[in-house]
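What follows is each chain in one-letter form.
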Amino acid sequence: MAINIPSKSEKRASELRDAVRLLAWDSYKLENNLKGKAAFEGYAVFNEEWQEHEIQGMNLAAIEKFIKSLGYTPDEVMKMREETYARKSQMNAQSASSSSTARSEAPSFDEVPY
């Protein structure tokens, strides 16, 4: 195993790529009417397509240009990413606090896969 320490631009590119993935996943769910269990099953198909998307080979400058071509700014998609993960964290905290018994490793179908 090699130790990989990403540069600041590589880290930013990875975060922006993830932000676009979340944006694309939200759109994919709406377009395909995926909710609950269907969303969990549909994520596998989405993820296969996502791994083949051109954004995977883009550097920071190309990702920023791509985001701008969608009508967003990099800061806007990062804010959406932060909000998404904050909601997920809050949802997980609420689930954990509402359950007095040990929670299974499998997420409930009410939770959103990320």
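Residues numbered from 1 in each chain as written. Predicted model: local features only at pLDDT ≥ 70, side-chain atom pairs only at ≥ 80, totals over all residues. Heavy atoms only, no water.

Draft legend 1. Structural view of the packing of aromatic side chains. Using the criterion set out here, one finds six aromatic pairs in the structure. Considering the side-chain rings of Tyr43 and Phe46, the 5.5 Å spacing of their centres and the 45° angle between planes classify their relative orientation as tilted. With Tyr43 and Phe46 both in helix 2 (residues 37-52), this residue pair falls three residues apart, about one helical turn. Measuring from centroid to centroid gives 6.3 Å for Phe46 and Trp50, while their planes differ by 15°, and the two rings are stacked. Of this pair, Phe46 and Trp50 both sit in helix 2, four residues apart, which is roughly one turn of the helix. Trp50 matches Phe46 in its accessibility class, with the two residues each being buried. (Phe/Tyr/Trp six-rings, centres within 6.5 Å; stacked < 30°, edge-to-face > 60°. Helix = DSSP H or I, 4+ residues; strand = E, 2+ residues; numbered from the N terminus. Buried < 20%, exposed > 50% of the residue type's maximum accessible area, 1.4 Å probe, protein only.)

Draft legend 2. Representation of the packing of helix 1 (residues 8-31) against helix 4 (residues 74-98) in the model. At their nearest, the axes of helix 1 and helix 4 sit 9 Å apart, and the two run at 70° to each other. In this view, helix 1 runs roughly perpendicular relative to helix 4, as classed from their interaxial angle. In the packing of helix 1 onto helix 4, the handedness of the crossing is left-handed. Judged by residue contacts, Arg12, Glu15, Leu16, Asp18, Ala19, Arg21, Leu22 and Leu23 of helix 1 engage Pro74, Asp75, Val77, Met78, Met80, Arg81, Thr84 and Tyr85 from helix 4. Across the contact of helix 1 with helix 4, the residue classes break down as nine nonpolar, one polar and six charged. (Axes fitted to C-alpha atoms, helices over the stretch in contact; angles between N-to-C directions. Parallel < 35°, antiparallel > 145°, perpendicular 65-115°, else oblique. Left-handed = near helix turned anticlockwise from the far one by under 90°. Contact = heavy atoms within 4.5 Å. Nonpolar A, V, L, I, M, F, W, Y, C, P; charged D, E, K, R; others polar.)

Draft legend 3. Seen up close, the side chain of Arg17. Its place among the elements puts Arg17 in helix 1. Contacts of Arg17, omitting those with residues within four sequence positions, involve Trp50, Ile55, Gln56, Met58 and Ile63.

Draft legend 4. Focus on unusual backbone geometry. One non-glycine residue, Asn33, lies in the positive phi region at around 50°. Within the fold, Asn33 resides in the loop between helix 1 and helix 2.

Draft legend 5. Looking closely at the confidence of the model for the chain. Per-residue pLDDT for the chain averages 89, and the proportion of residues at 70 or more is 86%. The spread of mean pLDDT over the elements of the chain runs between helix 4, the lowest at 90, and helix 3 (residues 60-69), the highest at 98. (pLDDT = per-residue confidence, 0-100.)

Draft legend 6. Representation of the nonpolar core. Residues Leu16, Val20, Trp25, Phe46, Ile55, Ile63 and Ile67 are the most contacted members of the largest nonpolar core, which totals 19 residues. Those elements giving two or more residues to this core turn out to be helix 1, helix 2, helix 3 and helix 4. When residues in this core are grouped by element, the largest group, six residues, is from helix 1. (Core = buried A, V, L, I, M, F, W, Y, C linked by side-chain atoms within 4.5 Å.)

Draft legend 7. A look at the side chain of Asp18. Relative to the helices and strands, Asp18 resides in helix 1. On the basis of relative accessible area, Asp18 is assigned to the buried category, the value being 14%. Discounting chain neighbours no more than four positions away, the residues touching Asp18 are Arg81 and Tyr85.

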